[in-house]
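Listed below, chain by chain, are the residues.
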Amino acid sequence: MAMAKLVLVLAFFFVQSLTTSLNLPLQATATKSFVSPIQKDRSTLQYIITAYLQTPLRQAKLLVDLGASFTWVNCDDKYFHSTTYKHIPCDYPLADLLGQPACLVNCVDPPGPNCANNSCLLSPVNPIKPIDFTRSDPIATALLDYLALPELINGSSQVGPLEKIRNFIFSCGHTSYLKGLARGVVGLAGFGRSNISIPVQITPHFFAICLSGSKSQPGVAFFGSKGPYYFSPGIDLSSSLTYTPLIVNPVGKDSGPDNKIASPEYYVELTSVKVNNKVVQFNQSLLAITSENGFGGTTISTVAPYTKLESSIYKAVTRAFLKAAASSTYNLTKTTTKPVKPFGVCYPASDIKITKMGPVVPTIDLVLHNKDVVWKIFGSNSMVRIVKKGGVDVWCLAFVDGGARTTVRDSTWIGSPSIVIGGHQLEDNMLQFDLESKNLGFSSSILSKGTTCSNFKFSTKKI
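The following paragraphs examine the structure supplied in this document.

Rules used throughout
Residues numbered from 1 in each chain as written. Predicted model: local features only at pLDDT ≥ 70, side-chain atom pairs only at ≥ 80, totals over all residues. Heavy atoms only, no water. Helix = DSSP H or I, 4+ residues; strand = E, 2+ residues; numbered from the N terminus. Buried < 20%, exposed > 50% of the residue type's maximum accessible area, 1.4 Å probe, protein only. Contact = heavy atoms within 4.5 Å. Pairing = 2+ DSSP bridges. Axes fitted to C-alpha atoms, helices over the stretch in contact; angles between N-to-C directions. 1 Å grid on protein atoms, 1.4 Å probe; cavity = no way out; pocket = protein on both sides within 12 Å on 5 of 7 lines; lining within 4 Å. Points joined across faces, edges and corners; volume = space filled by probe spheres on them. Nonpolar A, V, L, I, M, F, W, Y, C, P; charged D, E, K, R; others polar.

## A closer look at the environment of Thr-363
You can see Thr-363 is positioned in the loop between strand E23 (358-359) and strand E24 (364-367). The class for Thr-363 is buried, based on a relative accessible area of 19%. Ignoring anything within four residues of it in the chain, the contact list for Thr-363 reads Lys-274, Val-275, Asn-276, Lys-376, Ile-377 and Phe-378.

## Concerning the sheet that holds strand E21 (residues 346-348)
Here we have 3 strands laid out as an open sheet, ordered E21-E27-E26, and antiparallel in their pairing. Two strands in the sheet have a free side with no partner beyond their single neighbour: E21 and strand E26 (383-388). Across this sheet, the average inter-strand angle for adjacent strands is 30°, counted without regard to direction. Here E26 pairs with strand E27 (residues 392-397) via 6 bridges, running antiparallel. Pairing of Met-383 across the sheet is with Leu-397, part of E27. The sheet contacts of helix H4 (residues 311-325) involve E21, E26 and E27, and relative to E21 the element is tilted by about 25°.

## Notes on empty space enclosed by the protein
Unfilled space is identified by rolling a water-sized probe across the atoms. Counting across every chain of the model gives 2 cavities of 30 Å³ or more. Size it by volume and the largest cavity reaches roughly 50 Å³. Along the walls of the largest cavity sit Val-273, Thr-307, Leu-309, Val-317, Ile-364, Leu-366, Phe-399 and Ile-419, which together make up its complete lining. Among the elements of the structure, strand E20 (307-309) and E24 are those that each provide at least two residues to the lining of the largest cavity. Empty space within the second largest cavity amounts to approximately 30 Å³. At the level of secondary structure, the elements contributing two or more residues to the lining of the second largest cavity comprise strand E2 (46-53), strand E8 (142-153) and helix H3 (198-202). A per-class count over the lining of the second largest cavity returns 6 nonpolar, no polar and no charged.

As structure tokens, then:
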């Protein structure tokens, strides 16, 4: 753990020393805290953070990805017009921090953000629609430039003005890379386990997210603050957190057969699943990470809209849920009409009672590293209402079948997680990522506290 802390700190200060040699001002200090809204796009179910880049500063709406190593933005002429960007030379030590990037030795196009001799390349990834580099410009350089976010002041209760963060490292993509992303989005914000993720570059200690379940109001991301996190009416959510270790999958999607690279995703040690306080029976070995190919385990995703379960786990959980829901406590009968894809279990909306915790249905418990450390999923997070033309009005169990022991995209051997906790299950839950101690703080649904993730008060001034 001490070595992990050292790596984070050295990475942070190494960027400072390097950028000084490139004649750039120093980064913001690690003692400051920052905040930014996260808005859910209702048409794509993607979570979008608002940041500011370039000189002069320009708003950038970026897809939030907890599993991405770095940030990338569209650098084509319609968006990117910065006067302060710098390329990263291939022979600078910072190139090692980027994970052995490719080098653009001679660029034949006119000089610009995506064209400079002897410059590092950093290839973007689109988790929604994979980039076809045979049809898209494959040249994506690594840049240093300004990032700006609102500063969090006065004990994490007041949002201040935009504060510039100098020498932010990101990849320079193209318009064609944006396919499948929400309208108005210009790139991706990498929040994953990496020395060049957004959280580590801003302040290499803590970040937290609270995704909103509101149809119109945003949630929030905190950077560099361990709390307090105040939400109306004056509720500090940092005091409501339970902690579990963040664990590492040693075989990430960028691994090769002879060169295993740890996954940038955040994994937790899930030991069992309960429905209505009864343990669901399935092959427990699926919850462990296989060191040979990285298969198994449980990860957290802001890109997957709903929690995905390996097929045998999905079948076991849905059977247990159907049985519990049919009991005299709930007296629910599965709808006889065809379920609404991608869901397999739905109930008529008229049969469902609603409380402040959402639909009254059996609670699903994710039991973590200790039997007393439990992430409780109530109806607000376990169910989703679907209303369609033709009189369809149902509540569906918001878990989907993730397939049987599948491999990650574009790989024939690297295994996928057995469980991916998706965005819907994260909404109105406070999550704190402690990058020093490698712990996840989680609140379960904050609806029980009398607040929501949309109750963080940003200033009236548009940011």
